[in-house]
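# Topology and contacts: notes
Residues per chain are reported as follows:
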Amino acid sequence: MSIDVQPISVPGQQSYDDGPFPVVLACQSDDATLEEAIDWVAENKADLEKQLAQSGTILFRDFPLAADQDFDAFIKAFDFENFRYEDSLSNAVRVNRTERVFTANEAPPEVTIYLHHEMAQTPIYPSKLLFFCEQAAETGGATPLCRSDILFQKMQEEIPEFAKACEEKGLLYTNIMPAENDPNSGMGRSWQSTFRADSKEAAESRMLELGYTWEWLEDGCLKATTPVLPAVRVLSDGRKTFYNQLIAAFKGWKDSRNDPSKAITLGDGTPLDKDAVLKAADLAEEITFDVPWQNGDVALVDNYLVMHGRRTFSGTRKVLASLVAAE
Ligand code: FE2
């Protein structure tokens, strides 16, 4: 017997021409088993992918998932190709639970993770993300989600010159990576781990391959600058999204090594219009939906269409994540 799954509405849910954001699907069968849930995903995969491409996010609620292994099995039912953390150039420090499930950013509770598209500040990024709430925080800890196509439309209306400069010039990102993982920073991944290199020479050859420029600092840290990366992405249906890490880099790339005002420039090296960036961040905040995590929730997010972040929290928060490789 197949389980009964129905769309529901939740407070704060948004509505656009193409439907609700996010789509929320609730399992209504009280005695559903994990196996039935997996079968249901496999049977409905095409329809789920269609809804995901339109809305950008599907939140699965009240499905029979409790632990990391359940989440792992649920993900596998979608038959997506895994995006491995080892292959990524992400600057976050992570701990794996299973081959494809890891703890979301390990940064401390009082650190805000600002809105971003996962790894859009590097040439290697995932197409989708899955989050699983193993344990909701005592207070706070929502995952803010923002539709980047809607944001870019608003930017074109309110800060047209800046929107145009971003679209035409792209962006350069610079960050300083420590010589050893620094778990106290939201961007504390070491250069050895980032570039999978055991020597400076190996890191340099990887950076050359990827089009980075760099400078070695006296304390063993590495200051690395990306090649010019696009700030706007055109989806297959023609929608343009503000696909980058501009807001996160500008507001959040701050630790003992990094100064956010130097972390990001336009692709020709000219500085960003600070007021315009802050305006873009405000516009994004206005259209942000906060996922009100309940234990067992899964969110499937289209990384090309929707930005995510993390609100501060108190108590223990265990939100696990998994990434899907680009096609
Ligand atoms: Fe992220």
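For clarity, every value in this text was computed on a predicted model and none was experimentally measured. (Residues numbered from 1 in each chain as written. Predicted model: local features only at pLDDT ≥ 70, side-chain atom pairs only at ≥ 80, totals over all residues. Heavy atoms only, no water.)

## Here's the deal with the sheet that holds strand S11 (residues 171-177)
Neighbouring strands of a sheet are bound in pairs by backbone hydrogen bonds; such pairs are parallel or else antiparallel. Filter applied, for reference: In this description, strands pair whenever DSSP reports at least two bridges between them. Labels follow the DSSP assignment, with helices taken as runs of H or I lasting at least four residues and strands as runs of E lasting at least two, numbered in each case from the N terminus. Throughout, an axis means a line fitted to C-alpha atoms (over the contacting stretch in the case of helices), and angles, computed between N-to-C directions, take values from 0 to 180 degrees.
Pairing within the open sheet is antiparallel, and its four strands lie in the order S12-S13-S11-S16. Single-partner strands in this sheet number two, and they are strand S12 (213-216) and strand S16 (264-266). Each strand axis lies, on average, 15° off the axis of its neighbour in the sheet, ignoring direction. Where S11 lies against S16, three bridges are found, and the strand directions are antiparallel.

## Notes on the coordination of the iron ion
Put simply, the rule reads: For Na, K and Ca the donor cut-off is 3.2 Å; for every other metal, N, O and S atoms count as donors within 2.8 Å. Water does not enter the count, which can leave sites looking incomplete. Burial here depends on accessible area, computed with a 1.4 Å probe over protein chains only, as a share of the maximum for the residue type. Under 20% is buried, over 50% is exposed, and the range in between is partly exposed.
Looking at the metal site, the iron ion is ligated by His116 (NE2), Glu118 (OE) and His308 (NE2), spaced 2.0 to 2.2 Å from it. Along the chain, the residues that donate to the iron ion are spaced as H-x1-E-x189-H. On the criterion of sequence distance, the pair formed by His116 in strand S7 (residues 113-116) and His308 in strand S19 (residues 306-310) is long-range, its members being 192 residues apart. Per residue, the accessibility class of His116 equals that of His308, and both read buried.

## Quick look at the nonpolar core
The following threshold applies: We call a set of buried Ala, Val, Leu, Ile, Met, Phe, Trp, Tyr and Cys residues a nonpolar core when their side-chain atoms join them within 4.5 Å.
Counting 60 residues, the largest nonpolar core has Leu151, Met155, Phe162, Leu246 and Leu272 as its most contacted members. Counting residues per element, this core draws most heavily on helix H10 (residues 274-286), at six residues. Listed in part, the 28 residues of the second largest apolar core include Ala37, Ile58, Phe74 and Phe78.

## Quick look at the pattern of salt bridges
In plain terms, the rule: We define a salt bridge as a side-chain nitrogen of Lys or Arg found within 4 Å of a carboxyl oxygen belonging to Asp or Glu.
Across all of its chains, the model carries 19 salt bridges by this definition. Where Arg206 meets Glu209, a salt bridge forms, and the shortest distance between an N and an O atom there is 2.9 Å. In this pair, Arg206 and Glu209 are both assigned in helix H7 (residues 200-210), three residues apart and thus about one turn of the helix distant. The salt bridge partner of Glu285 is Arg311, with a shortest N-O separation of 2.9 Å. One end of the pair, Glu285, is in helix H10; the other, Arg311, is in the loop between S19 and strand S20 (313-314), and 26 residues separate them in sequence. With relative accessibility at 24%, the residue Arg311 sits in the partly exposed group. A single salt-bridge network, built from bridges that share partners, covers Asp18, Arg147, Asp149, Asp237 and Arg239.

## Observations regarding the packing of aromatic side chains
Stated precisely, the cut-off is as follows: Pairing of aromatic side chains requires ring centres within 6.5 Å, counting the rings of Phe and Tyr and the six-membered ring of Trp. Pairs whose planes differ by under 30 degrees are stacked, by over 60 edge-to-face, and all others tilted. To sit over a ring, a charge needs its Lys NZ or Arg CZ within 6 Å of the ring centre and within 35 degrees of the ring normal.
For the structure on display, the rule yields 15 aromatic pairs. Where Tyr125 meets Tyr304, the ring centres are 6.2 Å apart and the plane angle is 85°; that geometry is what we call edge-to-face. Placement of the pair is Tyr125 in the loop between S7 and strand S8 (128-135) and Tyr304 in the loop between strand S18 (298-302) and S19, with a sequence separation of 179 residues. For Lys128, the ring lying beneath its charged end belongs to Phe80, and the centroid distance is 4.9 Å. One residue, Arg233, lies across the ring of Tyr243, its end atom 5.4 Å from the ring centre.

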